[in-house]
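Chain residues, written in single-letter form:
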Amino acid sequence: MQYEQKRLFRQPFPKKVENNLLNLSANSYRWGNPEATCLKQFSWSEAFHISTTEIPTMRTEHKSLRSTIEAFVKTLSGLARSIAEILAQPLGIKPVYFEENCPARTSYLRLNRYAPCPFSSQVYGLISHTDTDFLTIVYQDQVGGLEIYKDGRWLGVKPNPEALIVNIGDFFEALSNGIYKSIKHRVVTSQKVERFSVAYFYCPSYDVVIKSCGKPALYRQFTLREYKQQTQIDVQEIGEKVGLSRFLL
Ligand SMILES: O=C(O)CCC(=O)C(=O)O
Ligand SMILES: [Fe+2]
């Protein structure tokens, strides 16, 4: 995967922005963040956002990339479902919940590249955020840079070639009524070394209503569609996602 990922990002910038390099939908290739109005909101990274439905029609010059991604997504989707089922069991959520509500088409893969950054003390590779999905499975290379916010401080996640990182996302926090926490995380930049990571986002269908499982419910019911619309409004108006607190009861 990493070999293919590097080869892809080494393509010239104009080819990547053309958006049809891989025959993916518009806006699949992203760099920085257009909504940023100050350095604090800017992410020093580039990414390919690949919906699982688009993999079969990816351009054939990239056959080996496509088959690698296909195999990767197949493994990670099975893994994500198993982890979600295990986590849901003590909450009294039926194991079929995920099979019924998370069809392959809504989950997606993101290939990230963080270029060396000359002002690394001032700019993040990815600004602090929580993921919007149920859970995210991340593979990071050996450079390091991913940090999680725990007990009031930022902790680096040590690279381990044998391990994947599993992050709880906003939807699991809502579903579990706050028992599982959507972890705040960010990526710091390096002045000298480029960094690669791959993230698989395990999401429900757009119109599945997410209900908190406990009583009293902490959050009002919402769908991914509503959540994304709210996020879009927040990003346009205040420059960042507000997230779950918008849905607190
Ligand atoms: O690059 C990483 O380690 C994390 C990526 C991430 O948080 C994301 O893509 O949402
Ligand atoms: Fe993330």
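Rules behind the numbers
- Residues numbered from 1 in each chain as written.
- Chains lettered and ligands numbered in written order.
- Predicted model: local features only at pLDDT ≥ 70, side-chain atom pairs only at ≥ 80, totals over all residues.
- Heavy atoms only, no water.
- Donors = N, O, S within 2.8 Å, 3.2 Å for Na, K, Ca; no water.
- Buried < 20%, exposed > 50% of the residue type's maximum accessible area, 1.4 Å probe, protein only.
- Near = heavy atom within 4 Å.
- Polar contact = N/O pair within 3.5 Å; in protein donor to acceptor, adjacent residues only side chain to side chain.
- Areas by Shrake-Rupley, 256 points an atom, 1.4 Å probe, with all protein chains shown as cover.
- Nonpolar A, V, L, I, M, F, W, Y, C, P; charged D, E, K, R; others polar.
- Salt bridge = Lys/Arg side-chain N within 4 Å of Asp/Glu carboxyl O.
- Helix = DSSP H or I, 4+ residues; strand = E, 2+ residues; numbered from the N terminus.

**Notes on the coordination of the iron ion (ligand 2)**
- The coordination sphere of the iron ion (ligand 2), as far as protein atoms go, consists of His 129 (NE2), Asp 131 (OD) and His 185 (NE2), spread over 2.1 to 2.3 Å.
- The sequence motif formed by the donor residues of the iron ion (ligand 2) is H-x1-D-x53-H. As far as the burial class goes, His 129 and Asp 131 line up, both buried.

**Re the site of ligand 1**
- Of all residues adjacent to ligand 1, which total 13 residues, the nearest are Arg 110, Tyr 114, His 185, Arg 195 and Ser 197.
- With respect to ligand 1, the side chain of His 185 contributes an N or O atom lying 3.0 Å from an oxygen atom.
- Taking Arg 195, its side chain carries an N or O atom lying 2.8 Å from an oxygen atom of ligand 1.
- In the complex, 100% of the free accessible area of ligand 1, which totals 290 Å², lies under the protein chains.
- Class assignment for the residues of the shell around ligand 1 results in six nonpolar, four polar and three charged.

**Considerations on the pattern of salt bridges**
- Within the structure shown, the criterion is met by 13 salt bridges.
- Here Glu 226 ties to Arg 220 by a salt bridge, and the two come within 3.0 Å at their closest N and O atoms.
- Overall, Glu 226 belongs to the partly exposed group, its relative accessible area being 29%.
- Arg 220 sits in the partly exposed class, given a relative accessible area of 35%.
- Asp 234 serves as the salt-bridge partner of Arg 246, at 2.8 Å between the closest nitrogen and oxygen.

**So, unusual backbone geometry**
- Put simply, Lys 215 and Pro 216 share a cis peptide bond, and its omega is -5 degrees.
- Residue position: Pro 216 is located in the loop between strand S10 (195-202) and helix H6 (224-238).
- One non-glycine residue with positive phi stands out, namely Asp 151, at about 50 degrees.
- Relative to the helices and strands, Asp 151 resides in the loop between strand S6 (146-150) and strand S7 (153-156).

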